[in-house]
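So the chains spell out like this:
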Amino acid sequence: MTTTVDVKSFVDELVADVVEPAADALMETRYFRDLRAGTLTIRRLQGYALQHTWFNRALLKSGAIRMIKAADNPRAFKDMIAGIVAEHDHPDLCQEFGINIGLTERDFEEMVPVHEVLLHTSVIVASSLINTCPAAGRASGLTNETMVQRYSTELFNYLQEAPYNIPAENLEFFRIHGIVDVDHAAEAAEAVVRLVRDDRDVEMVRHMAETQVRLKLGKFEGIYDAYA
């Protein structure tokens, strides 16, 4: 069995060696290089709003099933409830951002997820239903929340500047995520430490984090290409 001290050190190393470098790598993708250069198109911003709203709604819908699956694990069940409560209004906030930059409600109703977004979403949903390791599920949250916090801060700051000049009140989705996901990532890290049971769980946690990094980076590449 792995001790709590061992697990804490492992999670700290995972964040330092895998998760934080992934957030740095995301900032060097074409999407965020264009953002900083002032050349990111409104269409690609709309693409993010469409695809991420769909992603958020899909995760909330799957959350009900994941809660049932976690019902026999009090700690995991409590974490699931907290996660849904914290995220329940995020799809509407993301859609509101999209509306403010020219999309319509019909655009959101008719959108089709691009391959990379569908893949990212499907892996998160399927893994949570068939994975017997609750710690790995929270490692998914740790990885994604860290990267979301980083790119939300970037978008909130740059989209207020020329040539975008989007008012701060229209960027509430990014403002919130730039703040709350710092705590969410920390809570997810603490949950991983609590939920790891043995060395097999440690292996599954690392695998999940590395998988989510690849999927998250691919998601933005997919949106960039699909909304050229």
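Residues numbered from 1 in each chain as written. Predicted model: local features only at pLDDT ≥ 70, side-chain atom pairs only at ≥ 80, totals over all residues. Heavy atoms only, no water.

Details of the confidence of the model for the protein
So, step 1. A residue-level look at the protein finds 95% of positions with pLDDT of 70 or above and a mean pLDDT of 91.
So, step 2. Predicted confidence in the protein is weakest over helix H4 (residues 74-87), with a mean pLDDT of 70, and strongest over helix H2 (residues 30-37), with 98. (pLDDT = per-residue confidence, 0-100. Helix = DSSP H or I, 4+ residues; strand = E, 2+ residues; numbered from the N terminus.)

Regarding the pattern of salt bridges
So, step 1. Summed over the entire model, instances satisfying the criterion amount to 12 salt bridges.
So, step 2. For the salt bridge of Arg150 with Asp24, the shortest nitrogen-to-oxygen distance reads 2.7 Å. Of this pair, Arg150 sits in helix H8 (residues 134-158) while Asp24 sits in helix H1 (residues 4-27), placing them 126 residues apart in sequence.
So, step 3. Judged by its relative accessible area of 41%, Asp24 falls in the partly exposed class.
So, step 4. With a closest N to O distance of 2.8 Å, Arg197 and Asp201 form a salt bridge.
So, step 5. Since its relative accessible area comes to 3%, Asp201 is described here as buried. (Salt bridge = Lys/Arg side-chain N within 4 Å of Asp/Glu carboxyl O. Buried < 20%, exposed > 50% of the residue type's maximum accessible area, 1.4 Å probe, protein only.)

Observations regarding the packing of aromatic side chains
So, step 1. In this structure the tally under the stated criterion is 10 aromatic pairs.
So, step 2. Ring geometry for Tyr31 versus Phe32: centroids 5.4 Å apart, planes at 55°, classification tilted.
So, step 3. For Tyr31, a relative accessible area of 1% puts it in the buried group.
So, step 4. Both rings, one in Tyr48 and one in Phe174, keep their centres 5.8 Å apart while their planes meet at 35°; by these two values the pair is tilted. Taken as a pair, Tyr48 in helix H3 (residues 42-69) and Phe174 in helix H9 (residues 172-195) lie far apart in primary sequence, 126 residues in all. The same class applies to Tyr48 as to Phe174, namely buried.
So, step 5. Among the aromatic residues, those joined into a ring-pair cluster are Tyr31, Phe32, Tyr48, Phe97, Tyr151, Phe173, Phe174 and Phe220.
So, step 6. Positioned over the ring face of Tyr224 is Arg44, at 3.5 Å from the centre of the ring.
So, step 7. If you follow Lys219 out to its NZ or CZ, it ends over the ring of Phe55, 4.0 Å from the centre. (Phe/Tyr/Trp six-rings, centres within 6.5 Å; stacked < 30°, edge-to-face > 60°. Lys NZ or Arg CZ within 6 Å of the ring centre and 35° of its normal.)

Description of the side chain of Thr146
So, step 1. Mapped onto the secondary structure, Thr146 falls in helix H8.
So, step 2. The class for Thr146 is buried, based on a relative accessible area of 16%.
So, step 3. Among the polar contacts made by the side chain of Thr146, one reaches the main-chain carbonyl oxygen of Leu142 at a distance of 2.8 Å. (Polar contact = N/O pair within 3.5 Å; in protein donor to acceptor, adjacent residues only side chain to side chain.)

Describing helix H5 (residues 90-100)
So, step 1. Within H5 the residues assigned to the buried category are His90, Pro91, Leu93, Cys94, Gln95, Phe97 and Gly98.
So, step 2. Gly102 lies just past H5 and shows a positive phi near 110°.

Structural notes on the environment of Glu210
So, step 1. Turning to its location among the elements, Glu210 is positioned in helix H10 (residues 199-226).
So, step 2. Spatially, the C-alpha atoms of Glu210 and Ala139 are 9.7 Å apart, while their sequence positions differ by 71 residues.

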